[in-house]
Amino acid sequence: MKVVLLADVKGSGKKGDLIQVSDGYARNFLFPRKLATEANAQALNELQNAKASQAFKLEQEKQAAKSSADQINGKSISVQAKAGQGGKLFGSVTAKEIAEAIKKQYGVEVDKRKIDTKGDIKAFGTYECEVKLYTGIIAIVKAVVTEKKS
């Protein structure tokens, strides 16, 4: 009997899979526990629609990431930091501060965990950072670290 899984079933498949199982396994285990439904025309149509919807959402996310990458790629962002004694940077500039500066200056929301600063930023100057927006979509931004005026 062909069934569509409604949840992950160990040893059988993942949610949304169309699998062939024995009649007894389907009637006595899968159906009573609401783990699967019989693969009739309606269930197959719902499965197909769900997969199309998933693909559409992924494509939309990819397009949004591409537009965000085009918006910030190659741009410079200015980050102001406190100066310690002798004009040295007090602490370091973190990915969180860079993400906030990108949002403030360009209006692009970036997760701080997706920013690679290639080491610590502990001095004033210009640094190149990689921003990973989506699988295979990377934008390079220059972080210009300047002294914060009190």
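For the structure itself, consult the block above.
Below is a summary of the structure that appears in this document.

Thresholds, definitions, all that
- Residues numbered from 1 in each chain as written.
- Predicted model: local features only at pLDDT ≥ 70, side-chain atom pairs only at ≥ 80, totals over all residues.
- Heavy atoms only, no water.
- Core = buried A, V, L, I, M, F, W, Y, C linked by side-chain atoms within 4.5 Å.
- Buried < 20%, exposed > 50% of the residue type's maximum accessible area, 1.4 Å probe, protein only.
- Helix = DSSP H or I, 4+ residues; strand = E, 2+ residues; numbered from the N terminus.
- Contact = heavy atoms within 4.5 Å.
- Phe/Tyr/Trp six-rings, centres within 6.5 Å; stacked < 30°, edge-to-face > 60°.

## Regarding the nonpolar core
Nonpolar side chains tend toward joint burial in soluble globular proteins.
Line of reasoning, step 1. Core analysis: the biggest nonpolar cluster contains 24 residues, and I72, I77, V93, I98, I102, I115 and V131 have the highest contact counts within it.
Line of reasoning, step 2. Taken together, the elements giving at least two residues each to this core come down to helix 2 (41–72), strand 4 (76–81), helix 3 (95–106), strand 6 (125–134) and strand 7 (137–147).
Line of reasoning, step 3. In this structure, I77 is in contact with I98, A101, I102, Q105, Y106, K142, A143 and V144, ignoring residues within four places of it in sequence.
Line of reasoning, step 4. Membership of the second largest hydrophobic core comes to nine residues, among which are V3, L5, V9 and L35.

## What to know about the environment of S12
Line of reasoning, step 1. Looking at where S12 falls in the secondary structure, it is placed in the loop between strand 1 (2–5) and strand 2 (18–20).
Line of reasoning, step 2. In this structure S12 touches L5, I19 and Y25, once residues within four positions along its chain are discounted.

## Some words on the packing of aromatic side chains
For any two aromatic rings, the description comes down to two numbers: the centre-to-centre distance and the angle of the planes.
Line of reasoning, step 1. With the rule as written, the count across this model stands at one aromatic pair.
Line of reasoning, step 2. With a centroid separation of 5.3 Å and an interplanar angle of 10°, the aromatic rings of Y25 and F29 are classed as stacked. Of this pair, Y25 and F29 both sit in helix 1 (residues 23–30), four residues apart, which is roughly one turn of that helix.
Line of reasoning, step 3. What makes Y25 partly exposed here is its relative accessible area of 28%.

Purely geometric numbers; function is a separate question.
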